[in-house]
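# A look at the structure
One letter stands for each residue in the lines below.
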Amino acid sequence: MDLQQELNKTGGFKNLELLAKQVVEGFISGMHKSPFHGFSAEFAEHKIYNPGESTRHIDWKLYAKTDRLYTKRYDEETNLRCHIILDNSRSMHYPETAGTAIDNLNKIAFSALASASLMHILKKQRDAVGLSIYSDNYDFYSPEKGSERHHQMLLHKLSDAVISKPETKTTETYKYLHQIAEKIHRRSLIFVFTDMFQTSEDDEKLFEALRHLKHNKHEVVLFHVFDKEKEQTFDFDNRPKRFIDVETGDHINLYADNIKENYEKAVKDYFTDLKLKCGQYRIKYVEVDINAGFDSILTTYMIERQKFI
């Protein structure tokens, strides 16, 4: 399958489930040199066979290679609950000029595919998954479930988010995170995909909302999604351009080189502050460059699942 044919300019993802499976399988195939040797296509791990145990789950292929008896332990023995939160504000649809190639996604398409990839793994592990999507409204909420029908419904909602066109309005992320926190009662692993752009309130209110998500012993992972080339290093040619705030409509005309140094410093300071605050509130912070692939997200999931269980 050609991954680049899986996207369409007008219709978004043609088959999000198939594309997510491809992403996960590509990730797994590259893990043979990683420390996660127990992670396989069946998402099982091995433990040494003890005399007296059932021989039903002995891995005979591994025995042929190592001359030692190991049994497979499947992850359904240690189910968890996971809730994915997706920021679908107008700024998440940047860059609006992104094409249809897998290596040229905007932030919302990248986040939706990353979410679907996590859901694919969770489905294989028989874990329960819930989903919340917000923009300038709390657009969608579904509690954690593990059925096939539920999985397909969440994939459909993710696909819809990619092709939606949010209005040019400010997004009160902190408000919706508080509402989501009130809905999740059982201990869960929570993934938040957002670009962390706040326009109407200070960052402290946003972190208070993230702290609210930590109640009931939830584990929270913040995937800070951004376009590193444009939004962090401000890599634009030095011709006169109009830069428009996609959430407020405000604009400014300037030459990129005139502010590049100050811009990079301001962004670096902001990112550093985010990391420090997340550390203070015991929230896992992960920088996610949409041009760098999905490995950091899937690796983070594996590490956090081990810690969570």
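Residues numbered from 1 in each chain as written. Predicted model: local features only at pLDDT ≥ 70, side-chain atom pairs only at ≥ 80, totals over all residues. Heavy atoms only, no water.

### So, the pairing of strand E8 (residues 189-194)
Most of E8 is tucked away: six of the six residues are buried. Along E8, one buried face is formed by Leu 189, Phe 191 and Phe 193 and the opposite face, lined by Ile 190, Val 192 and Thr 194, is buried too. When strand E5 (residues 81-87) meets E8, the two strands line up parallel, connected through five bridges. Directly across from Leu 86, in E8, lies its bridge partner Phe 193. (Buried < 20%, exposed > 50% of the residue type's maximum accessible area, 1.4 Å probe, protein only. Helix = DSSP H or I, 4+ residues; strand = E, 2+ residues; numbered from the N terminus. Pairing = 2+ DSSP bridges.)

### Looking at the sheet that holds strand E7 (residues 138-145)
The mixed open sheet is built from six strands, whose spatial order is E7-E6-E5-E8-E9-E12. Of all strands in the sheet, those bounded by a partner on one side alone are E7 and strand E12 (284-289). Between one strand axis and the next, the sheet turns through 15° on average, direction left out of account. On top of the sheet, helix H3 (residues 107-124) reaches E5, strand E6 (128-134), E8, strand E9 (219-226) and E12; it is set at about 170° to E5, its chief contact. Contacts between helix H9 (residues 295-308) and the sheet are confined to E8, E9 and E12, with E12 contributing the most and set at about 165° to the helix. (Axes fitted to C-alpha atoms, helices over the stretch in contact; angles between N-to-C directions. Contact = heavy atoms within 4.5 Å.)

### A closer look at the pattern of salt bridges
This model, assessed by the stated rule, comprises 11 salt bridges. Glu 148 is paired through a salt bridge with Lys 123; the nearest N and O atoms lie 2.7 Å apart. Taken together, the residues span a long stretch of sequence, with Glu 148 in helix H4 (residues 148-163) and Lys 123 in helix H3 at a distance of 25 residues. Judged by its relative accessible area of 40%, Glu 148 falls in the partly exposed class. (Salt bridge = Lys/Arg side-chain N within 4 Å of Asp/Glu carboxyl O.)

### Observations concerning the packing of H3 against H9
H9 packs onto H3 with a crossing angle of 35° between their chain directions and a minimal axis gap of 10 Å. In the crossing of H3 with H9, the sense of the turn from one axis to the other is right-handed. Counted together, Phe 110, Ala 114, Ser 117, Leu 118, Ile 121 and Leu 122 of H3 and Ile 297, Leu 298 and Tyr 301 of H9 form the full contact between these two elements. The residue inventory of the contact of H3 with H9, partitioned by class, reads eight nonpolar, one polar and no charged. (Left-handed = near helix turned anticlockwise from the far one by under 90°. Nonpolar A, V, L, I, M, F, W, Y, C, P; charged D, E, K, R; others polar.)

### As for the confidence of the model for the protein chain
Predicted confidence across the protein chain gives a mean pLDDT of 80, with 75% of residues reaching 70 or more. Below pLDDT 50 for its whole length, residues 1-10 participates in 26 contacts with residues either more than four positions away or in separate chains. Low confidence marks residues 32-43, where pLDDT is under 50. Its contacts with residues over four positions away, or in another chain, come to 23 contacts. (pLDDT = per-residue confidence, 0-100.)

### Describing H9
In this model, H9 (14 residues) spans 20 Å end to end at C-alpha, consistent with the 20 Å of a helix rising 1.5 Å per residue. Taken together, the buried positions of H9 are Ile 297, Leu 298, Thr 300, Tyr 301, Met 302, Glu 304, Arg 305 and Phe 308. Among the structural elements, helix H1 (16-29), H3, E8, E9 and E12 are those in contact with the buried residues of H9. (Expected span 1.5 Å × (residues − 1).)

### A word on the nonpolar core
Membership of the largest hydrophobic core comes to 49 residues, with the highest contact counts inside it found for Leu 113, Phe 191 and Phe 193. Of the residues forming this core, the biggest block, 11 residues, is contributed by H3. Apart from the residues within four sequence positions on either side, Leu 113 is in contact with Phe 13, Leu 16, Leu 19, Ala 20, Val 23, Ile 102, Leu 105 and Phe 294. Counting 27 residues, the second largest nonpolar core, distinct from the first, contains Ile 190, Val 192, Leu 206 and Phe 226. (Core = buried A, V, L, I, M, F, W, Y, C linked by side-chain atoms within 4.5 Å.)

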